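# Structural overview
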Amino acid sequence: MPEPEASRDARRVRVVDSHTEGEATRVVLDGGPELGNGPIAERRDRLRAGHDHFRRGLVTEPRGTASMVGALLLRPADPSHAAGVVFFDAAGYLGMCGHGTIGVVTTLAHLGRFDPGPATLETPVGPVETELTSDGSVSFANVPSYRSRAAVSVDVPGVGVVVGDVAWGGNWFFVTERAPAPLRLDRATELTDYCRRIRDALARDRVTGEGGEPIEHVELCGPPVRSENDGRNFVLCPSGTYDRSPCGTGTSARMACLAAEGRLAPGAVWRQEGILGGVFEGRAERLARGIRPRITGRAHITGESTLVFDAADPLRDGIGA
């Protein structure tokens, strides 16, 4: 039987899907745009400038979801490194993604490309050292993380004054211990609305990260549900939805704030619960400014597939911005 005309014009993209403590990662193996060579940040910029429809088509509906993070594998600029990767979601591009890093390493191990041991991934914000253990868990040494501003007050409409810290963990965060409700899944709608209001107020007041970078993540912090853990968080992501995992960059930002306050000693373990109860374990190495966090977590493969981008499909490039 002859192949339908539209199918002959279709682009096919091979992906592996996983989740890290509930948060989805879609790793692109084949079929991505050609971005040339050079630093990963430059290739990220080429993807954004010339092929942003590819991002939208991968992670927005009807193929993706608002909470999904995509990871495009690239040749590393440094041949001693294992791979380059650009992370993105339904809202745009991420400098770094903790749960996505765990998902990428787990995916490459699933494909037989990684053995237990260390490997370095190149990201737009710098090299990230990872380690796959024999039990399948993954740790990564995140980029240096630090608190940029402490006790920032923002007047949030319908809420009042909220005080929090501005911190870098690979992305910019507003970290606050004030929450309108317990950090539970059944309160996710209320917590999401609260975080969106905070983020809008930060933008209104021009509260930014260093260099004027927008604060796209809001992190609420509270006590753990299980006594063997140290804290729990709820993280609003750039796409407007919440992180199902404890958020690797968010855990890093939280640890940086704790270390700045003297509440987290060098080398001490911090066990952070996410909204679903999954846990990331973090350790902090002191730096001249801030910390270098090492985060450990676990991902699970959920599927291998070939996505079809049919030229005749009016929603070929996804729904949304």
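Scroll up a little and you will see the structure.
Residues numbered from 1 in each chain as written. Predicted model: local features only at pLDDT ≥ 70, side-chain atom pairs only at ≥ 80, totals over all residues. Heavy atoms only, no water.

Our next topic: the packing of helix α2 (residues 40–50) against helix α3 (residues 52–59). The description of two helices packed together rests on the angle between their axes and the distance between the axes. One can describe the packing of α2 onto α3 by two numbers: an axis separation of 5 Å at closest approach and a directional angle of 85°. In terms of orientation, α2 lies roughly perpendicular with respect to α3. Note on element contacts: α3 touches α2 through Asp52, His53 and Phe54, opposite Leu47, Arg48 and Gly50. Grouping the constituent residues of the contact of α2 with α3 by class yields 2 nonpolar, 2 polar and 2 charged. (Axes fitted to C-alpha atoms, helices over the stretch in contact; angles between N-to-C directions. Helix = DSSP H or I, 4+ residues; strand = E, 2+ residues; numbered from the N terminus. Parallel < 35°, antiparallel > 145°, perpendicular 65-115°, else oblique. Contact = heavy atoms within 4.5 Å. Nonpolar A, V, L, I, M, F, W, Y, C, P; charged D, E, K, R; others polar.)

A word on the pattern of salt bridges. Counting across every chain of the model gives 23 salt bridges. Notably, a salt bridge pairs aspartate 52 with arginine 56, separated by 3.4 Å at the nearest N-O pair. Note that aspartate 52 and arginine 56 are positioned in helix α3 at a spacing of 4 residues, about one turn of the helix. By relative accessible area, which is 18% here, aspartate 52 ends up buried. (Salt bridge = Lys/Arg side-chain N within 4 Å of Asp/Glu carboxyl O. Buried < 20%, exposed > 50% of the residue type's maximum accessible area, 1.4 Å probe, protein only.)

Once that is clear, we can look at the nonpolar core. Residues Leu73, Phe87, Val104, Phe114 and Met255 are the most contacted members of the largest nonpolar core, which totals 34 residues. Not counting the four nearest positions on each side in its chain, methionine 255 is found in contact with Leu264, Trp270, Gly282, Arg283, Ala284, Ile291, Pro293 and Ile295. Residues Leu191, Ala201, Val218 and Leu236 belong to the second largest nonpolar core, which totals 27 residues. (Core = buried A, V, L, I, M, F, W, Y, C linked by side-chain atoms within 4.5 Å.)

As enumerated under the stated definition, the model contains 5 aromatic pairs in all. With a centroid separation of 6.3 Å and 20° between ring planes, the pair formed by phenylalanine 54 and phenylalanine 309 is classed as stacked. Of this pair, phenylalanine 54 sits in helix α3 while phenylalanine 309 sits in strand β17 (residues 299–309), and the two are 255 residues apart along the sequence. As far as the burial class goes, phenylalanine 54 and phenylalanine 309 line up, both buried. The ring of tyrosine 242 carries the charged tip of arginine 244 above its face, separated from the ring centre by 4.1 Å. (Phe/Tyr/Trp six-rings, centres within 6.5 Å; stacked < 30°, edge-to-face > 60°. Lys NZ or Arg CZ within 6 Å of the ring centre and 35° of its normal.)

Let us now look at the side chain of serine 67. Relative to the helices and strands, serine 67 resides in the loop between α3 and β3 (69–74). Residues within four places of serine 67 in sequence aside, it is in contact with Glu23, Ala24, Thr241, Tyr242 and Arg244.

Summarising burial for α3: 6 of the 8 residues are buried, a large majority. Among all positions in α3, only Asp52, Phe54, Arg55, Gly57, Leu58 and Val59 are buried.

If you walk through the whole model with that rule in mind, you get 1 cavity of 30 Å³ or more. Put simply, the largest cavity is a space of about 130 Å³. In terms of lining residues, the largest cavity is bounded by 21 residues, among which Val69, Leu94, Cys97, Cys237 and Asp243 are the most central. Elements with a minimum of two residues in the lining of the largest cavity: α4 (98–110) and α6 (248–260). Taken together, the residues that form the lining of the largest cavity break down as 9 nonpolar, 9 polar and 3 charged. (1 Å grid on protein atoms, 1.4 Å probe; cavity = no way out; pocket = protein on both sides within 12 Å on 5 of 7 lines; lining within 4 Å. Points joined across faces, edges and corners; volume = space filled by probe spheres on them.)

Right, let's get into the environment of proline 118. Structurally, the position occupied by proline 118 is in strand β6 (residues 117–123). The spatial distance from the C-alpha of proline 118 to the C-alpha of valine 138 is 9.7 Å, given a sequence separation of 20 residues. Those residues in contact with proline 118, other than ones at most four positions away along the chain, are Thr130 and Glu131.

Rolled over the atoms, a probe with the dimensions of a water molecule shows which regions are left empty. A volume near 250 Å³ is recorded for the largest pocket. Lining the largest pocket are 13 residues, with Trp168, Asn171, Trp172, Glu213 and Pro214 sitting closest to its centre. Its residues assigned to classes, the lining of the largest pocket shows 7 nonpolar, 4 polar and 2 charged.

Those residues of α2 that sit buried are Ile40, Arg43, Arg44 and Leu47. Mapping the buried residues of α2 onto a view down its axis gives an arc of 105°, with all of them on the same face. Close packing links the buried residues of α2 with α3, β3, β4 (83–89), β5 (92–94) and β6. (Arc of directions from axis to C-beta.)

Mapped onto the fold, arginine 294 is located in strand β16 (residues 291–297). Its relative accessible area of 29% is what places arginine 294 among the partly exposed residues. Through-space distance from the C-alpha of arginine 294 to that of valine 143 is 9.2 Å; in sequence the pair is 151 residues apart. Every residue in contact with arginine 294, bar those within four places of it in the chain, is listed here: Glu129, Glu131, Ser139, Phe140, Ala141, Glu281, Gly282 and Arg283. A distance of 3.0 Å separates a polar atom in the side chain of arginine 294 from a polar atom in the side chain of serine 139. (Polar contact = N/O pair within 3.5 Å; in protein donor to acceptor, adjacent residues only side chain to side chain.)

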